[in-house]
There are 2 protein chains.
Amino acid sequence: MAGPKWESLEQCLEKHLPPADLCVVKHLLYGKETRKLSLPNRAFELASEGDFELQGYAFEAAKEQLRGPRTVRVGLVQNKIPLPADAPVAKQVSALHRRIEAIAEVAALCGVNIICFQEAWTMPFAFCTREKLPWTEFAESAEDGPTTRFCQKLAKKHDMVVVSPILERDGEHGDVLWNTAVVISNSGKVLGKTRKNHIPRVGDFNESTYYMEGNLGHPVFQTQFGRIAVNICYGRHHPLNWLMYSVNGAEIIFNPSATIGTLSESMWPIEARNAAIANHCFTCAINRVGEEYFPNEFTSGDGKKAHQDFGYFYGSSYVAAPDSSRTPGLSRNRDGLLVAELNLNLCRQVNDVWNFKMTGRYEMYARELAEAVKPNYSPNIVKE
Amino acid sequence: MAGPKWESLEQCLEKHLPPADLCVVKHLLYGKETRKLSLPNRAFELASEGDFELQGYAFEAAKEQLRGPRTVRVGLVQNKIPLPADAPVAKQVSALHRRIEAIAEVAALCGVNIICFQEAWTMPFAFCTREKLPWTEFAESAEDGPTTRFCQKLAKKHDMVVVSPILERDGEHGDVLWNTAVVISNSGKVLGKTRKNHIPRVGDFNESTYYMEGNLGHPVFQTQFGRIAVNICYGRHHPLNWLMYSVNGAEIIFNPSATIGTLSESMWPIEARNAAIANHCFTCAINRVGEEYFPNEFTSGDGKKAHQDFGYFYGSSYVAAPDSSRTPGLSRNRDGLLVAELNLNLCRQVNDVWNFKMTGRYEMYARELAEAVKPNYSPNIVKE
């Protein structure tokens, strides 16, 4: 197991492999090489002053006769919580707003058009505690809570679409909670919201203590820079979730997450990348970093002693492309901003080469799935 | 790009990384380490005499109170065509039977219970030529063709289930062709057959010149050693194809393939492995090796000059487990036999931890997909 101090796969390979082999290994692991973006020096200075990593890559597409390149820059933000989880709620939210404000400033310098923060970004990931107060106080209205208003200002200031995953308090429907991403247009208007469709019941992540499966289906948001969707966290394990966003036209699917080393680190490079391949779209996998300690002990259903943390979030945020290429990951343990320039023309180009939608036989699967969920379904098993 | 001479990712990493880093890198790339199987010396001798690679690994599961371990050994075979593609058809088939007979002998020594050969294993992968004769002469009856009879003998002799992917001639339905896998019980009886559900139209792989999408749905075969299914080649790009085999109860899904370096090598480690994770089952990805030259020139729809080959098959066959671990790959350029011992209890154990089926919301997707395929479907797109 890699401890939280081990920085990144890419760093290790670059340090030890001879250049010729490194090139082959990178190709086998990450497909066609992504071009390093040239970002402003000032952005690197600010990142260094702010103690966060900054990396930038570009994915290219073939030239077409009738369409110009459709380039968009996305920004993926991964970060620790700046204050301890037992600091007052308002102070924690405010510190996170300040942290994100600083990172968004650098993103703007780097020409980012769409920025996405990590899952439940205004709070520690406290659902492992199963306690309600004070954690439920982090919930806000998606439409006009302080965080949405903060993001509207950011969006307008930087002419940037903001994807803001928060814990939502739904005052219109019995004051219930949802795990929601608010999508804010670069005009500053709330374009809409989307909810986490699949809720984990895994170890410390039984989030159904707090909220239920999303009821908004698979909306796709038409922004000035392209059509985007948000598959929140555990939804990345469900290929059908990615598929429906893609069927609805998503060219970029963000996957803001919060997941830890012992649980999922060897799945992380596989799932969002598989989704980009299978659906001819870009996917952006974002995970938080750091360790979070909670005031009261809790157990994890794994036979171990009660404890106050649930391990380290391993960061490693990355962007994957429809041609199976991907960027390196951000660090496993530092705050970071990953800037990726996508030429969205690549989606249709790969679609036309690989044809997964044309050959997908969705009628057959709609029929088979509808049968399979019936209580009296008899699986197709051939016996001797 | 890695040329065909570059042997394998694992070999390169083992050569260059310091032991402590190697251990971390392996964990990040391949999950929980698989145990090396101790195989008989005689098996290694025969593999060396026969000039093929032999590797063996075991996947373990937690001990349960009520179920004993359900261990099964699978054998994955990857091979070159032993004779040139322009040798007489009967000679080529016979040479392939002899080659596979020798490898199966070693598999038997290694205690393999279920063996699976590569896609269309009795022939060169000639579909790139778009010629009919002589290639269609490689087609055989799935029920009683010479290759099925050959496999029945193998199965009986070694008490081994045989998965035999062939080009099928269907005499009962207008003498059409199919891309089919015949499943033969260890008793020697033909248990049944299953057909390639998704047919590529990609570059040199427009196989719809020869056969159409399979019409047998997603059958699962109950063998003495576990429930198995076969997702042939291009079906690995379709997450719903894997899903339906799993919904029907497959514990091991074989993916016999034929795919080349320039086309798919960076997708190869992703897709079958994602399927194992997403469906709580084992997947076995098998690809042929070597280059195949055809008597007449053909073009590839890529603007390049006519040529007589379509690059090299990169082997790299591997087994992936539901817990996101996987074996190393076989070589990229040598014939090989990969033996993997699976404890099938792991499937239900991981299912109970991660709950992807319980949280899958298949009713919703059956409904959404049925809507989405309607000609007048209007995608869920939110606009400002």
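Residues numbered from 1 in each chain as written. Chains lettered and ligands numbered in written order. Predicted model: local features only at pLDDT ≥ 70, side-chain atom pairs only at ≥ 80, totals over all residues. Heavy atoms only, no water.

1. Some details on the sheet that holds strand 2 (residues 53–58) of chain A
Residues and elements named next belong to chain A. One open sheet accounts for 8 strands, arranged 1-2-17-3-4-5-6-7; its pairing is mixed. The open sheet has two edge strands with one neighbour each: strand 1 (35–36) and strand 7 (190–195). The strands touched by helix 4 (residues 89–109) are strand 2, strand 3 (71–78), strand 4 (114–116) and strand 17 (336–343); relative to strand 17, the strand with the most contacts, the crossing angle is about 35°. (Pairing = 2+ DSSP bridges. Helix = DSSP H or I, 4+ residues; strand = E, 2+ residues; numbered from the N terminus. Contact = heavy atoms within 4.5 Å. Axes fitted to C-alpha atoms, helices over the stretch in contact; angles between N-to-C directions.)

2. Some words on the packing of aromatic side chains
All names here are of chain A. This structure, assessed with the given rule, holds 36 aromatic pairs over all chains. Ring plane angle 80° and centroid distance 4.8 Å describe the contact between Phe125 and Phe127, whose orientation is recorded as edge-to-face. Through a chain of ring-to-ring contacts, the aromatic side chains of Phe125, Phe127, Trp135, Phe138, Phe205, Tyr210, Tyr211, Phe294, Phe298, Phe310 and Phe313 assemble into a single cluster. Cation over ring: Arg288 sits above Phe313, and NZ or CZ is 5.6 Å from the ring centre. (Phe/Tyr/Trp six-rings, centres within 6.5 Å; stacked < 30°, edge-to-face > 60°. Lys NZ or Arg CZ within 6 Å of the ring centre and 35° of its normal.)

3. Overview of the nonpolar core
Core analysis: the largest hydrophobic core is formed by 80 residues, its most contacted members being Ile252 of chain A together with Ile252 of chain B. Beyond its immediate stretch of four places on either side in the chain, Ile252 of chain B contacts Val72, Val74, Ile114, Arg227, Ile228, Ala229, Phe282, Cys284, Leu342 and Leu344 of chain B. (Core = buried A, V, L, I, M, F, W, Y, C linked by side-chain atoms within 4.5 Å. Buried < 20%, exposed > 50% of the residue type's maximum accessible area, 1.4 Å probe, protein only.)

4. Re the environment of Val74 of chain A
Note on placement: Val74 of chain A falls in strand 3. With residues up to four places along the chain from it excluded, the contact list for Val74 of chain A reads Val112, Ile114, Ile252, Phe254, Cys284, Leu338, Val339, Ala340 and Leu342 of chain A.

5. A closer look at the relation of the copies chain B and chain A
Relative to chain A, chain B is turned by 180° and slid 0.0 Å along the rotation axis, the superposed coordinates differing by an RMSD of 0.0 Å. Expressed as a symmetry operation, the mapping of one chain copy onto the other fits a two-fold axis. Minimal C-alpha separation from the rotation axis in chain B is found for Ala366 of chain B, amounting to 2.4 Å. The residues that chain B uses at the interface reappear at the interface of chain A in 100% of cases, marking a shared surface. (Least-squares fit on C-alpha atoms with pLDDT ≥ 70 in both.)

6. Thoughts on unusual backbone geometry
Following Leu133 of chain A, the chain continues to Pro134 of chain A via a peptide bond in cis, the omega torsion being 5°. As for its placement among the helices and strands, Pro134 of chain A is situated in the loop between strand 4 and helix 5 (146–158). A positive phi angle is found at Asn355 of chain B, which is not glycine, with a value near 60°. Assignment of secondary structure puts Asn355 of chain B in the loop between helix 9 (345–354) and helix 10 (362–372). When its relative accessible area of 8% is taken as the criterion, Asn355 of chain B is described as buried.

7. Section: the interface of chain B and chain A
Counting residues at the interface gives 84 residues for chain B and 84 residues for chain A. Contact between chain B and chain A buries roughly 7800 Å² in total, counting both sides, with carbon and sulfur atoms accounting for 68%. Top element by residues in the side of chain B that touches chain A is helix 10 of chain B. It accounts for 9 residues. Strand direction decides the pairing type here: strand 10 (residues 220–223) of chain A and strand 18 (residues 381–382) of chain B, joined by 2 bridges, are parallel. Directly across from Val220 of chain A, in strand 18 of chain B, lies its bridge partner Ile381 of chain B. (Buried area = accessible area lost by both parts, 1.4 Å probe.)

8. Description of the packing of helix 6 (residues 239–247) of chain A against helix 10 of chain B
One can describe the packing of helix 6 of chain A onto helix 10 of chain B by two numbers: an axis separation of 11 Å at closest approach and a directional angle of 25°. Taken together, the axes of helix 6 of chain A and helix 10 of chain B are roughly parallel relative to one another. In this structure, the crossing between helix 6 of chain A and helix 10 of chain B has a hand that is left-handed. The residues of helix 10 of chain B that touch helix 6 of chain A, namely those facing Leu240, Asn241, Leu243, Met244 and Val247 of chain A, are Tyr362, Tyr365, Glu368, Leu369 and Ala372 of chain B. The class makeup of the residues in the contact of helix 6 of chain A with helix 10 of chain B is 8 nonpolar, 1 polar and 1 charged. (Parallel < 35°, antiparallel > 145°, perpendicular 65-115°, else oblique. Left-handed = near helix turned anticlockwise from the far one by under 90°. Nonpolar A, V, L, I, M, F, W, Y, C, P; charged D, E, K, R; others polar.)

9. Concerning the packing of helix 1 (residues 9–16) of chain B against helix 2 (residues 19–30) of chain B
Residues and elements named next belong to chain B. Viewed as axis vectors pointing N to C, helix 1 and helix 2 meet at an angle of 155°, and their least axial separation amounts to 10 Å. In terms of orientation, helix 1 and helix 2 fall into the roughly antiparallel class. Within the contact between the two elements, helix 1 uses Leu9, Glu10, Leu13 and Glu14 and helix 2 uses Leu22, Val25, Lys26, Leu29 and Tyr30. Looking at side-chain class alone, the contact of helix 1 with helix 2 contains 6 nonpolar, no polar and 3 charged residues.

10. Thoughts on the environment of Glu341 of chain A
All names here are of chain A. Tracing the backbone through its elements, the reader meets Glu341 in strand 17. Here the alpha-carbon distance between Glu341 and Lys36, two residues 305 residues apart in the chain, equals 9.8 Å. The contact partners of Glu341, leaving out residues within four places of it in the chain, are Arg35, Leu37, Tyr57, Ala58, Phe59, Thr71, Val72 and Arg73. A distance of 2.8 Å separates a polar atom in the side chain of Glu341 from a polar atom in the side chain of Arg73. (Polar contact = N/O pair within 3.5 Å; in protein donor to acceptor, adjacent residues only side chain to side chain.)

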